[in-house]
Amino acid sequence: ALPICPVFEGGFWEVGEFNAELALENISNGAIGIDDVWAGVKDIPIFGTIRIGHFHAPHGLEPDMYSSSRASIVMERYSGHAAFLDQRASGILFTNAFFNERMTYAAMLFRPDIASNGADFANGDYGAVGRVSFLPIYENNGRHLLHLAGSGTWKHARSGRSEEHTSELQSP
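What comes next concerns the included structure. For clarity, every value in this text was computed on a predicted model and none was experimentally measured.

1. What to know about the pattern of salt bridges
If the charged atoms of two oppositely charged side chains come close together, the side chains can form a pair.
Stage number 1. What the rule picks out here adds up to one salt bridge.
Stage number 2. Across the pair Arg51 and Glu17 runs a salt bridge whose closest N-O atoms are separated by 3.1 Å. Of this pair, Arg51 sits in strand β4 (residues 48–56) while Glu17 sits in strand β2 (residues 16–28), and the two are 34 residues apart along the sequence.
Stage number 3. Look at Glu17 and you get buried, because its relative accessible area is 13%.

Structure, rendered in structure tokens:
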């Protein structure tokens, strides 16, 4: 079944932004499921953009692992992300681009969600995700390019143990 996802997005005061993507096909115990619901401030020196809410954790290169899943509704996804990494979480995200948008970073501090509606947090758990990408070669309007990226995740588990996940440099 295709998801039913109304979207409300926009900006305010030239630097504020917000997004709400509801997952109406995912109602549990009277609570509506959410895909991405956040508010943020952009154009902050050095930090770039800061967002608070429920959104994708910044790891991987697949389209819906780092941005909205609206464009890839029926696309097959890599199962490793769902098995080892949080696809979405509630927290604070910092992101920016440098060097004429040829280098990016994203860092997120989060609390893992147990439910898909963002209302139920994993008690006592927290984590951090970081991602860096670089485009050292971009020629002929993008016909020749080399894109490198890497990400890492650290999580504190309820048992007091920590887990770490890292990825090698990725190139599409």
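2. So, the pairing of strand β7 (residues 126–139)
When a strand is regular, its side chains alternate between the sheet's two faces.
Stage number 1. In terms of strand pairing, strand β6 (residues 103–111) meets β7 through eight bridges, oriented antiparallel. Each residue of the ladder has a partner; that of Leu109, found in β7, is Ala128.
Stage number 2. By the bridge criterion, 12 bridges tie β7 to strand β8 (residues 144–156) in an arrangement that is antiparallel. Residue pairing for β8: Ser133 is matched across the bridge by Ala149.
Stage number 3. A loop of four residues connects β7 with β8, the two strands running antiparallel in sequence, and Asn140 in this loop sits at a positive phi of about 50°.

3. What about unusual backbone geometry?
Note: most peptide bonds trans; most residues except glycine with negative phi.
Stage number 1. Backbone geometry at Glu14 places phi at a positive 65°, although glycine is not the residue there.
Stage number 2. Considering the arrangement of structural elements, one finds Glu14 in the loop between β1 (7–12) and β2.
Stage number 3. Assessed through its relative accessible area of 75%, Glu14 is described here as exposed.
Stage number 4. Located in the positive-phi region is Phe99, a residue other than glycine, with phi close to 50°.
Stage number 5. With respect to the helices and strands, the residue Phe99 is situated in the loop between β5 (88–98) and β6.
Stage number 6. Classification of Phe99 by relative accessible area gives exposed; the value is 60%.

4. Considerations on the packing of aromatic side chains
Stage number 1. One pass over the structure, following the stated rule, counts five aromatic pairs.
Stage number 2. Aromatic side chains Phe98 and Tyr105 sit 6.1 Å apart centroid to centroid with 20° between the ring planes, which places their arrangement in the stacked category.
Stage number 3. Judged by its relative accessible area of 32%, Phe98 falls in the partly exposed class.
Stage number 4. Joined through ring pairs, the aromatic side chains of Phe12, Trp13 and Phe18 make up one cluster.
Stage number 5. Just above the ring of Trp38 sits the side chain of Arg51; from NZ or CZ to the centre is 3.9 Å.

5. Describing the side chain of Thr95
Stage number 1. Mapping Thr95 onto the fold places it in strand β5.
Stage number 2. In this structure Thr95 comes out as buried when scored by relative accessible area, which is 17%.

What counts and what doesn't
Residues numbered from 1 in each chain as written. Predicted model: local features only at pLDDT ≥ 70, side-chain atom pairs only at ≥ 80, totals over all residues. Heavy atoms only, no water. Salt bridge = Lys/Arg side-chain N within 4 Å of Asp/Glu carboxyl O. Helix = DSSP H or I, 4+ residues; strand = E, 2+ residues; numbered from the N terminus. Buried < 20%, exposed > 50% of the residue type's maximum accessible area, 1.4 Å probe, protein only. Pairing = 2+ DSSP bridges. Phe/Tyr/Trp six-rings, centres within 6.5 Å; stacked < 30°, edge-to-face > 60°. Lys NZ or Arg CZ within 6 Å of the ring centre and 35° of its normal.

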